[in-house]
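Understanding the architecture of this molecule
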Amino acid sequence: MSWRGAVLTLFPAMFPGPLGQSLAGRALATGLWALDVTNIRDFARDRHRTVDDTPFGGGAGMVLRPDIADAAVASVADDRPVICLTPRGQRFTQADARRFAAGPGLILLCGRYEGIDQRVIEARAMHEYSIGDYVLSGGELAALVLLDSIVRLLPDVMGAADSAAEESFSSGLLEYPHYTRPAEWQGRRVPEVLISGHHAAVAAWRQTESERITRERRPDLWAAPASPTHPASATSS
Ligand code: SAH
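Here the residue numbering is sequential within each chain, running from 1 through the sequence in written order. Two thresholds apply to this predicted model, a pLDDT of at least 70 for residue-level local features and 80 or more for giving and counting side-chain atom pairs, whereas whole-chain, interface and lining totals are computed over all residues. Note: side-chain values were computed over all heavy atoms of the structure, leaving out hydrogens and water.

All right, on to the side chain of serine 210 then. Mapped onto the elements of the fold, serine 210 is located in helix α6 (residues 199-217). You can call serine 210 buried: its relative accessible area is 7%. Any pair of nitrogen or oxygen atoms within 3.5 Å is treated as a polar contact; in protein, a donor-acceptor pairing is required on top of that, and neighbouring residues in sequence qualify only through side-chain atoms on both sides. There is a polar contact of 3.3 Å between the side chain of serine 210 and the backbone nitrogen of tyrosine 176. Helix and strand labels come from DSSP, where a helix needs a run of H or I of at least four residues and a strand needs a run of E of at least two; each type is numbered from the N terminus. Note on exposure labels: buried denotes an accessible area under 20% of the residue type's maximum, exposed denotes more than 50%, and partly exposed covers the range between, all computed with a 1.4 Å probe on protein chains only.

Printed below as a string of structure tokens:
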């Protein structure tokens, strides 16, 4: 059984969108993963196909009704985790992507307007995730971000089997800089060590660069060891 994503949205035409291209798109076409897209509006019951209503307590905007959202979730629910995209949620990380890639798939509920009635989030034991500290107009782009980060980790989706292991965040560090031909461009030469053919020296240079970049750009990552290979965790024990 291949990994299966389900998206519940008011804008189904946004899918697969960018995930129909490149590596994810090829993997989707060849069945390495699957995506079911459900229009929440199909579960409206009145003749105006209403899915939202005004918030109790007043205030601006509209709220997705719990009964409608619940019926949409029920139409796809199985053993997969159900995730709700919201700026209030836990920050989604590479560790989450790895964990979900190892599972059977994911059900993703995309909010619109002000958000989703809290009761259905609780009743369906949804985990709330955010993709960052900014407000999107809907959960669709966030769902695409989650799916992209997960799908590229599935077996056989990426070209080189081990390229995921060395990337930013995998070791708790940001990635070292990359260079390709030409060896000199606009007077800028690639670091000599990279053309030395000395594999151990290359590895050492990359490790040093990763550590420097992480220290400079992300003191938070540097201070919070994410894995036993992180140098900060080796020295702190
Ligand atoms: N009133 C809400 C914002 C609603 S934005 C608030 O102040 O928190 C509308 C929808 O976009 C949300 O229901 C959510 O599904 C989605 N969304 C917006 N920003 C997001 C983010 N950073 N991460 C994940 N989903 C987001």
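Once that is clear, we can look at the domain arrangement of the protein chain. A common way to state how big an interface is: give the accessible area lost once the parts meet. Boundaries of every domain are those given by an automatic assignment or by a domain database. By the assigned domains, the protein chain splits into domain 1 (3-151) and domain 2 (166-235). On a C-alpha basis, the centres of domain 1 and domain 2 stand 35 Å from each other.

Right, let's talk about the layout of surface pockets for a bit. The distinction between a cavity and a pocket rests on a 1 Å grid over the protein atoms alone: a 1.4 Å probe fits inside a cavity but cannot get out, while a pocket stays open yet meets protein on both sides within 12 Å along at least five of seven lines, and a residue with an atom within 4 Å of a point counts as lining. Grid points are joined across faces, edges and corners, and a volume is the space filled by probe spheres set on the points. Here the largest pocket defines a volume of roughly 750 Å³. Taken together, 36 residues form the lining of the largest pocket, with Val63, Glu114, Gly115, Ile116 and Asp117 sitting closest to its centre. Of all elements in the fold, only β4 (63-64), α2 (66-74), β5 (82-91), β7 (115-116), α4 (118-123) and β8 (127-130) reach the threshold of two or more residues within the lining of the largest pocket.

Tracing the chain through its elements places threonine 86 in strand β5. Taking the relative accessible area as the measure of exposure, threonine 86 reaches 13% and is therefore buried. The contact definition used throughout considers only heavy atoms, calling two residues in contact when any of these lie within 4.5 Å. In this structure threonine 86 touches Glu128, Tyr129 and Ser130, once residues within four positions along its chain are discounted.

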